[in-house]
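As a plain string of letters, each chain reads:
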Amino acid sequence: MSGRSTFYVTTPIYYVNDVPHIGHAYATLACDVMARFKRLDGYDVHFLTGTDEHGQKVEKAAAAAGLTPQAFTDKVSQSFRDLLGAMNFSPDGFIRTTEKRHYAACQALWDKLVAAGDIYLGKYAGWYSVRDEAFYADSETEVGTDGKRRAGPVGNEVEWVEEPSYFFKLSTWGDRLLEFYDKNPRFIAPETRRNEVISFVKGGLQDLSVSRTSFSWGVPVPGDPKHIMYVWLDALTNYITECGYPDIKNPLWRFWPADLHIVGKDIIRFHCVFWPAFLMAAGVAPPQRVFASGWWTTEGQKISKSLGNAIDPIAVAAEFGLDPVRYFLLREVPFGNDGDFQRRALIGRLNADLANAYGNLCQRVLSIVAKNCEGKIPPKGTLIDADAMLLGRAKGLLAIVRADIEEQAFHRALASIWEVIADANRYVDAQAPWALAKTDPARRDTVLWVLAESIRRVTLLVQPFMPGSAGKMLDQLAVPAESRAFTAFDSELAAGTLLPKPQGVFPRFVEPTAAAG
RNA sequence: GGGCCCGUAGUUCAGUGGUUAGAACGAGCCGCUCAUAACGGUUAUGUCGCAGGUUCGAAUCCUGCCGGGCCUACCA
């Protein structure tokens, strides 16, 4: 036991019926920044991602591809693994719902729910459209002039279908859920999602059908293997499977309850209503917080398969560099809002914030040091008010960023960091170290030290967002690997440390001119 | 139909009762020259969606309307 505080963050597990796109990269990126920040801040971190591999759609997609479901999911799951390396994500675990340990966890949870009296065998009946492969509520159907009952977006014919099904007594959980939301105001974010969920629960809950007999690709219900568990009960359980459930002696069990589930806004209900109800029913603590991220559009248009305008995060990173894309995604849009992915805006951020403000600040400071101080960190000397002012801003940044990270306000954290970068650029101009080089070398040294030290602090905080680039920047300041965690935030650069030759980290992006000939 | 959120400079947004409504990007002008033609200073632009109301005072609260988005359960 380390005694350190734990921090457990998860992505949604990704459904293997889709190839990775910007939405997957975005949610995982947010988790990655959380995980990296918390690791640097001294926490014992576990960051989980993975793939959701069961369900009728997968079974059919596999058949269409001429593969067994297992072979099919092996293949698609791998494409999600490949995204991790390409985006420099740092998960500690990767779970697949087809793993044995997951079957064991799901079945153990099921047994608990049965023992608690929250699951019963009933009949699932409703209007079913064979075309849509979906059930419709009575109110969603209409009897046409031809006497046939229809439903759905295109009005396909429906028929009355009944099948045996196990039900979870969700209807009895409304009050306990509302009480839980009330006592845990941070449980659902952002606020608008919290309101939606609460109003949904207040509207009354119905029992939830949690098994299917119409297909077989899933986790069998214990003692009644004709039934397959409802995919969401199966999928949600992954978060505790990882921690060893039901074996609470498992060392990873120390991470439960999760500190943060980051999810897309489309699956907020499953995480904020069903999931805490299942867990409370089974006597397991619910997670502490669920944050719903928004959707990306591209150049003002919805992303859709028919338009073929999906954003491939790996291709974008190949063109602009990985870290600029990571920065853009989290800086451009307040986390939780929908965002529009505009090429022009990305280039604007890359050039204005990264190349001009931050990259050039480092470059101008380091090149003066290289030319005037024998390439070594100069002595600190005596500080004047202007020096203390800039250093104070840089010092204060850790507390500000930490608070923003706690709220998943990544855009605000970055804005605060960049304010100090702007301060530093103003300071360079005001102090004009290139002029001091001729008149007052000691003062010049102090100015350069203050700048290098401010850049060090800023860059320590940039690490979670742009780990590769921040690493290069810290290399240039000769900050050793063991001095890059936040425990070293309040240490200072030591005079006399030899620096490597300065090198640009964020080149400006220049739009390639139309090919000549 | 019911519910939630939003509508503020060319653009993205901040500002949730109190002096002449702010920032960034973009644009113009000036300065600097260490630096990735980067940096700094400065100027300009808004009937704060519309109309009423509450208040000594409203972008900020209330009502209505207009416009946009989302939720309204069992395909993930």
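Note that the structure is a prediction, hence the values are computed from the model and not measured. (Residues numbered from 1 in each chain as written. Chains lettered and ligands numbered in written order. Predicted model: local features only at pLDDT ≥ 70, side-chain atom pairs only at ≥ 80, totals over all residues. Heavy atoms only, no water.)

Draft legend 1. Region of the structure containing the sheet that holds strand E15 (residues 224–229). An order of E13-E15-E14 is seen for the 3 strands of this open sheet, with the pairing classed as antiparallel. One side of each edge strand has no neighbouring strand; the edge strands of this open sheet are strand E13 (211–212) and strand E14 (220–221). (Pairing = 2+ DSSP bridges. Helix = DSSP H or I, 4+ residues; strand = E, 2+ residues; numbered from the N terminus.)

Draft legend 2. Fine view of the packing of aromatic side chains. Per the stated rule, a full pass over the model turns up 28 aromatic pairs. On the basis of an interplanar angle of 80 degrees and a centroid distance of 4.9 Å, the ring pair of Phe 168 and Phe 278 is categorised as edge-to-face. A residue pair is termed long-range when its members are at least 10 positions apart, and Phe 168 in strand E10 (residues 159–168) and Phe 278 in helix H9 (residues 268–281) qualify at 110 residues. When sorted by exposure, Phe 168 lands in the same class as Phe 278, which is buried. Within the aromatic cluster, the residues linked to one another by ring pairs are Tyr 26, Phe 291, Trp 296, Phe 328, Phe 335, Phe 341 and Phe 410. (Phe/Tyr/Trp six-rings, centres within 6.5 Å; stacked < 30°, edge-to-face > 60°. Buried < 20%, exposed > 50% of the residue type's maximum accessible area, 1.4 Å probe, protein only.)

Draft legend 3. Broad picture of the layout of surface pockets. In this structure, the second largest pocket occupies an estimated 200 Å³ of space. Forming the walls of the second largest pocket are Phe 7, Met 34, Lys 38, Tyr 43, Asn 184, Arg 186, Asp 259, Leu 260, Gln 288, Arg 289, Glu 406 and Gln 408. (1 Å grid on protein atoms, 1.4 Å probe; cavity = no way out; pocket = protein on both sides within 12 Å on 5 of 7 lines; lining within 4 Å. Points joined across faces, edges and corners; volume = space filled by probe spheres on them.)

Draft legend 4. Fine view of the packing of helix H10 (residues 313–320) against helix H12 (residues 343–372). Axis separation between H10 and H12 bottoms out at 12 Å; the angle between their running directions is 45 degrees. By the angle class used here, H10 and H12 are oblique. Seen from above, H10 lies across H12 with right-handed handedness. Note on element contacts: H12 touches H10 through Arg 343, Leu 346, Ile 347 and Leu 350, opposite Val 316, Glu 319 and Phe 320. (Axes fitted to C-alpha atoms, helices over the stretch in contact; angles between N-to-C directions. Parallel < 35°, antiparallel > 145°, perpendicular 65-115°, else oblique. Left-handed = near helix turned anticlockwise from the far one by under 90°. Contact = heavy atoms within 4.5 Å.)

Draft legend 5. Representation of the domain arrangement of chain A in the model. Each assigned domain of chain A is listed with its residue range as follows: domain 1 (6–112 + 231–294), domain 2 (118–209) and domain 3 (343–488). Distance from the C-alpha centre of domain 2 to the C-alpha centre of domain 3: 53 Å. (Domains from an automatic or database assignment.)

Draft legend 6. Looking closely at the nonpolar core. In terms of nonpolar packing, the biggest core is built from 103 residues, with Ile 417, Trp 418 and Phe 465 touching the most fellow members. Among the elements that take part in this core, H12 stands out by supplying 13 residues, more than any other. Counting contributing residues per domain, this core is built from domain 1 (6–112 + 231–294) and domain 3 (343–488), each supplying no fewer than three. Counting 58 residues, the second-largest nonpolar core is a separate cluster that includes Phe 168, Ile 267, Phe 274 and Ala 292. (Core = buried A, V, L, I, M, F, W, Y, C linked by side-chain atoms within 4.5 Å.)

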